[in-house]
Amino acid sequence: IVLTIKMIKSLITRIKKTKTLKKIEPTENIIYFREIPREDATPAEAMYILKNIKNNLLSTDIGKIFSATLLDFNLKGILDFKVEKMTFGRENITITLLDKGKISNLNSLDETVIANFLLEAIEKKGENNQITLKKLESYIRNNTSKIITLEKKLDKAVKKELENKEIRNEKEAKEYEK
């Protein structure tokens, strides 16, 4: 008990001592920036720039770009995600197309490519402008030729967008390949 009392007294004196210390203020005012190339960059453009891709997008990057673009569509009010809790900790995720009109107004070619792929998947596997994640995964698994086409179209669209924004130069890219 005596030892506990001594420890408490020691702790109280340390707390009082730290309260009297002067707080250190930072001398530099640092502004935080998100790790994306530009605020208006699409997920495909961001991947292309951040990975410094010289030739073509990798097939391993397509899934990341697809997922990020769907989340970006959610932020733009084009899609909505509904998560239903199932038994044994499983979840059923439903993707709902909220506004088809916004898809036709997309400014980016690569987003349009992904949106058209998603629309096709919803038309073939979904209902009422909705598709579950399981059905989307099934559609992707069973249509490998469409995925290869998506990959090629996406790569071409990203390159064209970056050239239009004067971020990528096709002539320099070909020189690099040599």
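The coordinates are above.
To keep things clear, this report deals only with the structure shown in the data block.

## Overview of the packing of aromatic side chains
All told, the structure shown has two aromatic pairs when counted by the stated rule. Consider the rings of Phe66 and Phe117, whose centres lie 5.8 Å apart with planes at 85°: the pair is edge-to-face. Taken together, the residues span a long stretch of sequence, with Phe66 in helix 3 (residues 59-75) and Phe117 in helix 5 (residues 109-125) at a distance of 51 residues. Relative to Tyr139, the ring of Phe117 has its centre 5.7 Å away and its plane inclined at 55°; by these criteria the two rings are tilted. One end of the pair, Phe117, is in helix 5; the other, Tyr139, is in helix 6 (residues 133-142), with 22 residues separating them in the sequence. Put simply, the rings of Phe66, Phe117 and Tyr139 touch in pairs and so form one group of aromatic residues.

## Examining helix 2 (residues 43-50)
In terms of burial, helix 2 is a largely internal element, six of the eight residues being buried. Residues of helix 2 that are buried sit in contact with helix 3, helix 5 and helix 7 (144-164).

## Overview of the sheet that holds strand 3 (residues 130-132)
As summarised here, the arrangement of the three strands in space is 1-2-3, forming an open sheet in which the pairing is antiparallel. What marks the edges here is a single partner per strand, and that holds for strand 1 (79-85) and strand 3. The sheet shows a mean angle of 20° between the axes of neighbouring strands, taken without regard to direction. Here strand 1 runs beside strand 2 (residues 91-97); their pairing, made up of seven bridges, is antiparallel. Within strand 2, the position partnered with Glu84 by the bridge is Asn92.

## A word on the pattern of salt bridges
In the structure shown here, the tally under the stated rule is six salt bridges. In this structure, Glu120 engages Lys146 in a salt bridge whose closest nitrogen and oxygen atoms are separated by 2.8 Å. Pair noted here: Glu120 is in helix 5 and Lys146 is in helix 7, with a separation of 26 residues, a long-range link. Note on Lys146: relative accessible area 27%, which makes it partly exposed. Of the charged contacts in the structure, one is a salt bridge between Lys159 and Asp155, with a shortest N-O distance of 3.2 Å.

## Some thoughts on the side chain of Asp155
Positionally, Asp155 belongs in helix 7. Ignoring any residue separated from it by four or fewer positions in sequence, one finds Asp155 in contact with Tyr48, Asn55, Asn56 and Leu57.

## Some points on the packing of helix 5 against helix 6
The contact between helix 5 and helix 6 brings their axes to 10 Å, and the two run at 105°. When the axis of helix 5 is compared with that of helix 6, the two are roughly perpendicular. On helix 6, the residues that touch Phe117, Leu118, Glu120, Ala121, Lys124 and Lys125 of helix 5 are Lys135, Leu136, Ser138, Tyr139 and Ile140. The class makeup of the residues in the contact of helix 5 with helix 6 is six nonpolar, one polar and four charged.

What counts, and at which threshold
- Residues numbered from 1 in each chain as written.
- Predicted model: local features only at pLDDT ≥ 70, side-chain atom pairs only at ≥ 80, totals over all residues.
- Heavy atoms only, no water.
- Phe/Tyr/Trp six-rings, centres within 6.5 Å; stacked < 30°, edge-to-face > 60°.
- Helix = DSSP H or I, 4+ residues; strand = E, 2+ residues; numbered from the N terminus.
- Buried < 20%, exposed > 50% of the residue type's maximum accessible area, 1.4 Å probe, protein only.
- Contact = heavy atoms within 4.5 Å.
- Pairing = 2+ DSSP bridges.
- Axes fitted to C-alpha atoms, helices over the stretch in contact; angles between N-to-C directions.
- Salt bridge = Lys/Arg side-chain N within 4 Å of Asp/Glu carboxyl O.
- Parallel < 35°, antiparallel > 145°, perpendicular 65-115°, else oblique.
- Nonpolar A, V, L, I, M, F, W, Y, C, P; charged D, E, K, R; others polar.

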